[in-house]
Amino acid sequence: MTARTMQALRLTEWQSDPVITEVPVPDPQASEVLVEVAAAGLCRTDLHIMSSPEGAFPYTLPFTLGHESAGHVAALGPGSSGFEVGDRVVVYSRWGCGTCWQCAQGRDNACVRTHRGAHGGGLGRDGGLADYVLVPSARYLVATPGLEPVRAAPLADAALTSYHAVKLSLPQLHSGGNAVVIGAGGLGHMAVQILKAITPARIVVVDLRSGALEMARAAGADVTLSAEGLTPEQVRAETDPDGANVVLDFVGSDTTLSLAAASVAQGGDVTFVGRGGGELRIAPGLIPYETTVRMPTWGTVEELGEVVALASAGKIHSEAEVYDFEDAVSAYGKLRQGEVLGRAVVVPGRASRVAAGLN
Ligand SMILES: [Zn+2]
Ligand SMILES: [Zn+2]
């Protein structure tokens, strides 16, 4: 049974905080699936969206935030198949057009047609910071039978995006290879675990916060370095005098991107993931020859399945700080201040707290 209305955390104005609003519970049509949300992660991308002026994102307001959601199937449209009501799922929130060349290969994250429009649930279309989220197709759901929703939700972006970024550099991450992770927040702490789980590379982690470095060591980092006054020479001393095979920048500020460019080895990879507003300048002398620079976004549905498999096998574990729905805006404030360790996850409603395995 679904209630007629529900609470949703909606962005109603640019450059302002989202507000809790009462909205109708959607009724799934055609191939759509209604998912009751038991947990939804908060992402720095949300902060970036809500603090941006009108026109910076190709989204129309209002819409419900939340692009990391997990829960169970509540209702299926008449044309939907593959899942049953009650199935535990995590939602893939980057919804492509489904027909372009990228989407045809399952690469919704690189969809060329939705590139200049709404990007998915919580990204211009209604997302998971609500009691329910309407998903366009069952193909955007991955079953999570053995995972608690608070652990499953961050897999949808924090783990998926990190996994996709690491996978792109697998040929570099051989035995004896090394990876530098800059920023051990929501994504970076997952990247450390993923590097540990799927590569034999040595892992060096850089962050300003001692708590984040501590969490990175617990997650499998071989070395942690304080970003305070850190020089590329100090990074090289911990990787290889010739530089790092792969530098994954989950911050993306001018400072961290300069550090990445100066720390990478000739022929290495610089992967620019964080949206910290920085620029990476490419020119001879600024970055070594034969360097590959990547700017990935999300991952594929197939990769979300792989991430869920890693989590189900206990190989990766998302650290979550859990907040009530009413506290979502203040949780965003803590995220903005860098006070969240791991991922901030919001649990909508009392019933959902039970479903999330919290009480
Ligand atoms: Zn995100
Ligand atoms: Zn497409």
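Figured I'd write up the structure that's included with this text. No experiment lies behind these values; they were computed from the predicted model shown. Chains are numbered independently. Their residues run from 1 in the order of the written sequence. Going through the entries in the order they are written, you letter the chains from A and number the ligands from 1. Confidence filtering applies because this is a predicted model: local features only for residues at pLDDT of at least 70, side-chain atom pairs given and counted only at 80 or more, and all residues used for totals across whole chains, interfaces and linings. Only hydrogens and water are set aside; all other atoms, that is, all heavy atoms of the structure, feed into the side-chain values.

Quick look at the coordination of the zinc ion (ligand 2)
Water is absent from the atoms considered, so a metal site may look incomplete; donors are defined as N, O and S atoms within 2.8 Å of the metal, or 3.2 Å for Na, K and Ca. Protein-derived ligands of the zinc ion (ligand 2) are Cys97 (SG), Cys100 (SG), Cys103 (SG) and Cys111 (SG), with the metal-ligand distances lying across 2.3 to 2.4 Å. Four donors are marked tetrahedral only if all angles between them lie between 85 and 135 degrees, whereas four are marked square planar and six octahedral if opposite donors are more than 155 degrees apart and the other angles lie between 65 and 115; the remainder are marked irregular. Relative to the metal, the four donor atoms surrounding the zinc ion (ligand 2) lie at angles of 103 to 117°, and the coordination shape comes out tetrahedral. Taken in chain order, the donor set of the zinc ion (ligand 2) reads C-x2-C-x2-C-x7-C. Here the residue Cys100 occupies a position in the loop between strand S6 (88–91) and helix H2 (101–104), and Cys111 occupies one in the loop between H2 and strand S7 (120–121), the gap between them amounting to 11 residues. In this structure Cys100 comes out as buried when scored by relative accessible area, which is 3%. Assessed through its relative accessible area of 2%, Cys111 is described here as buried. Note on conventions: DSSP H or I runs of at least 4 residues are helices, E runs of at least 2 residues are strands, and numbering of each starts at the N terminus. The buried label goes to any residue with under 20% of its type's maximum accessible area, the exposed label to any with over 50%, and the partly exposed label to all in between, with areas taken from a 1.4 Å probe on protein chains only.

Notes on the pattern of salt bridges
Salt bridge, as applied in this entry: a Lys or Arg side-chain nitrogen positioned within 4 Å of an Asp or Glu carboxyl oxygen. Applying the stated criterion across every chain, the model contains 11 salt bridges. Between Asp17 and Arg336 there is a salt bridge, with its nearest N and O atoms 3.9 Å apart. Placement of Asp17 in the loop between strand S1 (5–11) and strand S2 (19–24) and of Arg336 in helix H10 (residues 328–336) is noted, with a sequence separation of 319 residues between them. In this structure Asp17 comes out as partly exposed when scored by relative accessible area, which is 41%. For Asp269, the salt bridge goes to Arg294, with nearest N and O atoms at 3.1 Å. Of the two residues, Asp269 sits in strand S15 (residues 264–272) while Arg294 sits in strand S16 (residues 292–294), which places them 25 residues apart along the sequence. Accessibility expressed as a relative area gives 3% for Asp269, which makes it buried. Taking relative accessible area as the criterion, Arg294 reaches 23% and is therefore assigned partly exposed. By sharing partners, the salt bridges in this structure join Glu68, Asp157 and Arg343 into a single network.

Let's talk about the environment of Gly333
In this structure, Gly333 sits in helix H10. Overall, the relative accessible area of 23% leaves Gly333 in the partly exposed class. Spatially, the C-alpha atoms of Gly333 and His115 are 28 Å apart, while their sequence positions differ by 218 residues.

Here's the deal with helix H9 (residues 301–312)
Under the 1.5 Å per step criterion, the end-to-end length of H9 is 16 Å for 12 residues, consistent within 8% with the ideal 16 Å. The set of residues buried in H9 consists of Val301, Glu303, Leu304, Val307, Val308, Leu310 and Ala311. One face of H9 carries all of its buried residues, which in axial projection span an arc of 160°. Only heavy atoms matter for contacts: two residues are in contact if any of them lie within 4.5 Å across the pair. Its buried side turned inward, H9 meets S6, strand S10 (141–143), helix H4 (158–168) and helix H5 (188–198). Gly314 lies just past H9 and shows a positive phi near 80°. Working rule for helices: expected span equals 1.5 Å times residues minus one. Note that the arc is defined by the directions from the helix axis to the C-beta atoms.

Concerning the pairing of strand S3 (residues 33–42)
For S3, the buried fraction is high: nine of the 10 residues fall into the buried class. In this description, strands pair whenever DSSP reports at least two bridges between them. Inspection of the sheet shows S3 paired to strand S5 (residues 69–76) by seven bridges, in the antiparallel sense. Paired with Val35 across the two strands is Val73, which belongs to S5. Across four bridges, S3 lies against strand S9 (residues 132–135) in antiparallel orientation. Counted as the bridge partner of Leu34 is Leu134 from S9. Alignment of S3 against strand S18 (residues 343–347), held across three bridges, turns out to be antiparallel. Considered in S18, the bridge of Ala40 is made with Val346.

Focus: the sheet that holds strand S12 (residues 202–207)
Taken in spatial order, the six strands of this open sheet run S13-S12-S11-S14-S15-S16, and their pairing is parallel. Looking along the sheet, the strands with just one partner apiece sit at the ends: strand S13 (223–226) and S16. If you compare each strand with its neighbour and ignore which way they point, the axes differ by 15° on average. For strand S11 (residues 178–182) and strand S14 (residues 244–249), the ladder comprises four bridges, and the chain directions are parallel. Paired with Ile182 across the bridge in S14 is Asp249. Each axis is a line fitted through C-alpha atoms, taken for helices only over the stretch in contact, and angles between the N-to-C directions span 0 to 180 degrees.

Focus on the packing of H4 against H5
Contact geometry of H4 with H5 gives a least axis separation of 9 Å together with a crossing angle of 50°. In terms of orientation, H4 and H5 fall into the oblique class. The handedness of the crossing between H4 and H5 is right-handed. For the pair formed by H4 and H5, the contact residues are Ala158, Ala159, Ser162, Tyr163, Val166 and Lys167 on the first element and Met190, Ala191, Ile194, Leu195 and Ile198 on the second. Relative orientations are named as follows: roughly parallel for angles under 35 degrees, roughly antiparallel for angles over 145 degrees, roughly perpendicular for angles from 65 to 115 degrees, and oblique for any other angle. Definitions for this section: a left-handed crossing has its near helix turned counterclockwise from the far helix by less than a right angle. A right-handed crossing has that turn clockwise.

Observations regarding the nonpolar core
Residue types Ala, Val, Leu, Ile, Met, Phe, Trp, Tyr and Cys, when buried and joined through side-chain atoms within 4.5 Å, form a set referred to as a nonpolar core. Residues Leu129, Leu141, Leu155, Val205, Ile316 and Tyr332 are the most contacted members of the largest nonpolar core, which totals 85 residues. Contact partners of Val205, with chain neighbours within four places excluded, come to Val181, Ala184, Val192, Leu213, Ala216, Ala221, Val223, Thr224 and Leu225. Membership of the second largest hydrophobic core comes to 19 residues, among which are Leu225, Leu259, Val264 and Phe272.

Re the sheet that holds strand S4 (residues 63–64)
Reading across from one edge, S2-S1-S4 is the order of the three strands in this open sheet, with antiparallel pairing throughout. Two strands close off the open sheet at either side, each with one partner strand: S2 and S4. As judged from the six bridges shared by S1 and S2, these two strands associate in the antiparallel manner. The partner of Arg10 across the bridge, within S2, is Val19.

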